[in-house]
Structure formats: C-alpha cells, structure tokens
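Secondary and tertiary structure notes
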Amino acid sequence: MGTLALTAAAVLIGFCFVRDRTSGRVYSERTSLAGQTIIVTGANSGIGFEASKELALRGATVVLACRNRDAGASAKRRIDSALNARKRGAERGRVLLEMLDLTDKKSIEKFAENFRNLNFPLNALVLNASIGMHPTRALVNSKLELCFTSNVLGHYYLVELLWDKIVEDHTRIITVTSSLHKYVSLEVDPATLKKRLPDLQCELSYRPKEAYAKSKLANILLAHHWARQLSGISNTRAMSVSMHPGLVMTPLLTRYLPFWKKHLFNLILILLGKTAWKGCQTVIYCCSHPIENGKYYGNCEEEEPSPESRDEDAMQALSESCRELLNAF
Ligand SMILES: NC(=O)c1ccc[n+]([C@@H]2O[C@H](COP(=O)([O-])OP(=O)(O)OC[C@H]3O[C@@H](n4cnc5c(N)ncnc54)[C@H](OP(=O)(O)O)[C@@H]3O)[C@@H](O)[C@H]2O)c1
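Below you will find a few notes about this structure. (Residues numbered from 1 in each chain as written. Predicted model: local features only at pLDDT ≥ 70, side-chain atom pairs only at ≥ 80, totals over all residues. Heavy atoms only, no water.)

**Notes on unusual backbone geometry**
With glycine set apart, most residues show a phi of negative sign, and most peptide bonds adopt trans. One non-glycine residue, Asn 119, adopts positive backbone phi at about 60°. With respect to the element layout, Asn 119 can be found in the loop between helix H4 (105-118) and strand S4 (124-127). Despite not being glycine, Leu 193 has its phi angle at roughly 60°, a positive value. Inspection of the secondary structure puts Leu 193 in the loop between strand S8 (187-188) and strand S9 (195-196). (Helix = DSSP H or I, 4+ residues; strand = E, 2+ residues; numbered from the N terminus.)

Here is the structure:
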C-alpha cells in the first residue's frame, strides 16, 4: 500500500513537472520596458501579481492598483525584494501602490486623480482585476450586480476617467478576459431587433458561472468598442486589445466553493492548470511586443474570440448601458 501511494505521488509529481514544462508559451524576448509606466488592476494576487513583478523586472514602473491595503503592501514588498535581489547593473524597474476598489465609484475617481498627480506617462493599462464565481447574486449600492460591477463597470469607468491621457500617451489598454466568454450567447432586443448581452444585471436568473462568463464577454465587447473609438482618432497610437491567460492555478475560480469542491477543483488545477507566472505571459507579451488594435490574444499569439464578441450592436448597447449604469454607481 505504502509503495503504491509513493508510486502514485511520484507519477503525479512527474506529470506536473512535465506539464509545467510543456503547457503554455513563455514570452522570452527580453524587451526593455525602462521608462514605461504600467497600471495593473488586481495586482496583489495570481496573474496580476506575477505580471506586475515580471514587468518591473523588465524595467517598468508598475502601479499596483489594489483594493486591500495590507494585501497590496505585501505584494509590493515581495516585488521590491525580487528587484533588490537582481544583480548590479541588471534591468530594474519599481513598483508603487495605489488603492483602487472597482466597486466603489469614489475610489476609482481618487485612483485616477492620484495617478494623474504622479505626472507619469501611461504606457499600458492592464485591466486584470476580477471576481470569480460569486455563489449568490450580491449587489453594490443595493442596485448593481457585484460580478458585473467589479469586472466590467468599474473598469469602464476607470478608462473613461483616463481617456484623454490614454489618447495623449498612446496607451495600450489590455483587458484580461477568459475563454469562458465563448459559453455566452447574445439575445435579440425585441424593441430594436438588435443583438445585446442578455440580462446584464442577472435579474431574471443568477448562476455563478453564467454571471462570470457574461462579464468576460462584456470585457471583450468593451475592449473592441474602445479599439474602434481609438482607431477613429487621428494622431494617437493608443490601442485596446483583450487576452485570455488559459486555465491558471489561482484562487479566482475556487474562492467561493464549498470545502470538498474547492479541493477537488484545486486538484484539477494542479493537474491541468498553468502556474500564475505562466498565466501572466500573454500580459507581458501584450505590454512588450508589437500588437494590433482590436485583436484578441492567448498563449502569446493572436487568437479568435467568439463571433458574439465582435457584434457591433452588442458593443454599442453595452457601452450605452454602462454609461447609464454609472448614474446608479
Ligand atoms: N485563473 C484562471 O484560470 C483564469 C482563467 C481565465 C481568465 N482569468 C482572468 O485573469 C484575471 C486575473 O485573475 P486571477 O486568476 O489572477 O485571480 P485572483 O488571483 O483571484 O486575482 C484577482 C484580483 O482581482 C482583485 N479584485 C477583485 N475584485 C476587485 C475590486 N472590486 N477592486 C479591485 N480589485 C479587485 C483581487 O483583489 P483581492 O485579493 O483583494 O480579492 C485580486 O487581486 C481575471 O480577469 C480573470 O478573469 C483567470
């Protein structure tokens, strides 16, 4: 029995080692990001943390946009010590911590104001923060559904507040989404006969996976919407792209699961998922590599999102809804 358990453990470890070596591409080009400033939302955990560290190690000034001061300070300390451990003369950026809660309108306004006061250029804005599958339909300000507000509306507002800077500084807006967006279908609005995202606020029904997947399709629709707006402005090289990291070992998808489901899912993540460092590689690619406005990336190359995410009526309807919802925010 003991030998069997040891063999099983050895096979599992060997499998994970091989899988880690073979799963997901690493962006190995050593492009220097010295002199660049990059904001990363949700920078204290998972993909956002690893991306911030890697960007700073490549020379960028990274603004860690976090909602929890202690978690943000701990992330900053860990990145600072990685930077300090670099050899003398090696590329070394820096990290700053700024508070940002995407479910709080005032916090977003304060963040945008503080960032402007730094007088730094904005080279890239990584819209990474997200909550995963919240078990129940929770509300912000007793009005707005939580998943949609944190993942979509908060980022929409942040982009709106920084828009003139984005245009002037030729910023890359990089929206982190998920291939789960492919599970959502658009519906036809009976009034206009145009397509739109169904039940934005999950008022008719709430299922955790559906709410999350819908927010991720909304992320791509908005990324495309900004791409179209930017392409219509002369004299800017600002662009907007979206990207997915693949299946990654972070707390995002398991945080709200009951005990046994959490452990089962974590086991699946260990067997099939990437490390957070591997998961952040496409973020680094999008910040560093020549990329194209409006495209969707995965595994450090261009990929095809769902046809729904390209629907122009749905893009327009979503941006109008976000505009209206800001009044209730
Ligand atoms: N993990 C995957 O398999 C996977 C797959 C596809 C796509 N993605 C995408 O990858 C991105 C990063 O996810 P992850 O896996 O790295 O998850 P994670 O480790 O849970 O990180 C999520 C981050 O978002 C922050 N956040 C949540 N709500 C916020 C709010 N209201 N205001 C500000 N920050 C907030 C969290 O802060 P706290 O620590 O304070 O909660 C955390 O820093 C997400 O956009 C996700 O949709 C992940």
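Having put the structure on the table, let's press on.
**Description of the environment of Asn 151**
For Asn 151, the location among the structural elements is in helix H5 (residues 146-168). Residues Asn 151 and Asn 128, 23 residues apart in the sequence, show an inter-C-alpha distance of 8.4 Å. When near neighbours in sequence (up to four residues on either side) are disregarded, Asn 151 contacts Ala 129, Ser 130, Ile 131, Tyr 212, Ser 215, Lys 216 and Asn 219. Of the polar contacts made by the side chain of Asn 151, one reaches the side chain of Ser 130; its length is 3.1 Å. (Contact = heavy atoms within 4.5 Å. Polar contact = N/O pair within 3.5 Å; in protein donor to acceptor, adjacent residues only side chain to side chain.)

**A word on the nonpolar core**
Counting residues in hydrophobic clusters, the biggest one holds 54 residues, and the most contacted among them are Ile 39, Phe 148, Ile 166, Leu 197 and Leu 318. Those elements that place two or more of their residues in this core are strand S2 (61-66), H4, S4, H5, helix H6 (208-231) and helix H10 (312-325). With 12 residues, H5 is the largest single contributor of residues to this core. (Core = buried A, V, L, I, M, F, W, Y, C linked by side-chain atoms within 4.5 Å. Buried < 20%, exposed > 50% of the residue type's maximum accessible area, 1.4 Å probe, protein only.)

**Points about the packing of aromatic side chains**
Under the definition given, this model contains three aromatic pairs. On the basis of an interplanar angle of 75° and a centroid distance of 6.4 Å, the ring pair of Tyr 157 and Phe 329 is categorised as edge-to-face. Of this pair, Tyr 157 sits in helix H5 while Phe 329 is found in the segment after H10, placing the two residues 172 residues apart along the sequence. Both residues of the pair, Tyr 157 and Phe 329, count as buried. Ring pairing ties together the aromatic residues Tyr 27, Tyr 285 and Tyr 297, which thus form one cluster. The lysine or arginine in question, Lys 105, covers the ring of Tyr 157, its NZ or CZ lying 5.5 Å from the ring centre. Taking NZ or CZ as reference, Lys 209 lies 4.9 Å from the ring centre of Tyr 183, over its face. (Phe/Tyr/Trp six-rings, centres within 6.5 Å; stacked < 30°, edge-to-face > 60°. Lys NZ or Arg CZ within 6 Å of the ring centre and 35° of its normal.)

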